[in-house]
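# Fold and contact review
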Amino acid sequence: MSYVAMSILPDDLQTNLLMLLRWTHFVAGITWIGLLYFFNLVNIPLMKELDPATKGKVMPALMSRALWWFRWSALVTVLAGLAYWGSIVASDARNAGAHSGWVMASFFLVWTLTWGILYALLIPGRGLLDKGWVLAILYIIIIGHSAHLFLHWNSGDWESNRLLAIGIGGGFGWMMLLNVWGVIWRIQKRLIAWTKANAENGTPMPEQSKRMARMAFLTSRANAILSLPMLFFMGAASHYPMFGR
């Protein structure tokens, strides 16, 4: 029985490497998104209920450990996903006698610039731009336009549904990764240090801590919401041909 099972396993390097990338992407992604939902659905409401002394003891230890897994699983998820998607882009281009360079370049151009615009909306932190519903509307308009632009720039009639669907869903994931490392972790490591110093030495929390905590919260909430269409487009890549073949 074991011989039969082993004999039907693929023995070419490419197939096994792609399966390894997918498996790594799945495991790291479950860890990342699971922690993202934990922060938004459990941790944030809990922290609001704790008194300052208890929060000062719990937050540094909990968040230091959780954010370590959070940020590194995010990085592994995206790197493995990009490597796997790159193989799809290369395969589609090769089959059509086309070049894959523009697809990859347009992906990073569109979604990195989009992230930069969304990040800029968070910086003021006051007035209408401090209201979640206003940011949600602006995010929907901007991200929708970016998705349309990516599809428009890659409408050469050779790009597969997998390529385009992952190009959008993966773009959301790329922006979420930039949020993790460029916003959430950058802010949280300072908040953790300040909270720990406040609990141990009575050091006052800096004045900017509230604004920074608000920015980290809005970014984390945006990531949680972005994860929903991201997962939809990932599932649509192989099971919902919305962009053609």
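The text that follows walks through the structure, step by step, so that each part is easy to find. Bear in mind the structure is a predicted one, so any value in this text is a computation, not a measurement.

Each value, and the rule that gives it
- Residues numbered from 1 in each chain as written.
- Predicted model: local features only at pLDDT ≥ 70, side-chain atom pairs only at ≥ 80, totals over all residues.
- Heavy atoms only, no water.
- Helix = DSSP H or I, 4+ residues; strand = E, 2+ residues; numbered from the N terminus.
- Buried < 20%, exposed > 50% of the residue type's maximum accessible area, 1.4 Å probe, protein only.
- Contact = heavy atoms within 4.5 Å.
- Areas by Shrake-Rupley, 256 points an atom, 1.4 Å probe, with all protein chains shown as cover.
- Lys, Arg positive; Asp, Glu negative; His and termini not counted.
- Charge placed at Lys NZ, Arg CZ, Asp CG, Glu CD.
- 1 Å grid on protein atoms, 1.4 Å probe; cavity = no way out; pocket = protein on both sides within 12 Å on 5 of 7 lines; lining within 4 Å.
- Points joined across faces, edges and corners; volume = space filled by probe spheres on them.
- Nonpolar A, V, L, I, M, F, W, Y, C, P; charged D, E, K, R; others polar.

Moving on: the overall build of the protein chain. If you tally the helices and strands in the protein chain, you get 7 helices and 0 strands. Counting helices and strands in the order they occur from the N terminus, the protein chain gives α-α-α-α-α-α-α. Seen through its principal axes, the protein chain has C-alpha atoms that stretch 65 × 50 × 25 Å. Taken across its 245 residues, the protein chain has 40% of its residues classed as buried. Taking contacts inside the protein chain between residues at least 6 apart in sequence as the whole, the part at least 24 apart equals 79%. When the accessible area of the protein chain is evaluated, it comes to approximately 13,700 Å², of which 69% is carbon and sulfur surface. In the protein chain, the 19 positive side-chain charges and the 10 negative ones have mean positions that sit 10 Å from each other.

Before going further, it helps to examine empty space enclosed by the protein. The full count for this structure, using the stated rule, is 1 cavity of 30 Å³ or more. Its boundaries defined by the atoms lining it, the largest cavity holds a volume of some 50 Å³. Secondary structure elements with two or more residues in the lining of the largest cavity: helix H4 (101-122) and helix H6 (161-201). Of the residues forming the lining of the largest cavity, the biggest block, 4 residues, is contributed by H4. Looking at the lining of the largest cavity, its residues break down into 8 nonpolar, 1 polar and no charged.

What follows concerns the side chain of Ser-220. Along the chain, the position of Ser-220 falls in helix H7 (residues 209-239). Take Ser-220: its relative accessible area is 8%, and that puts it in the buried class. Apart from residues no more than four positions distant in its own chain, Ser-220 is found in contact with Leu-36, Asn-40 and Ile-184.

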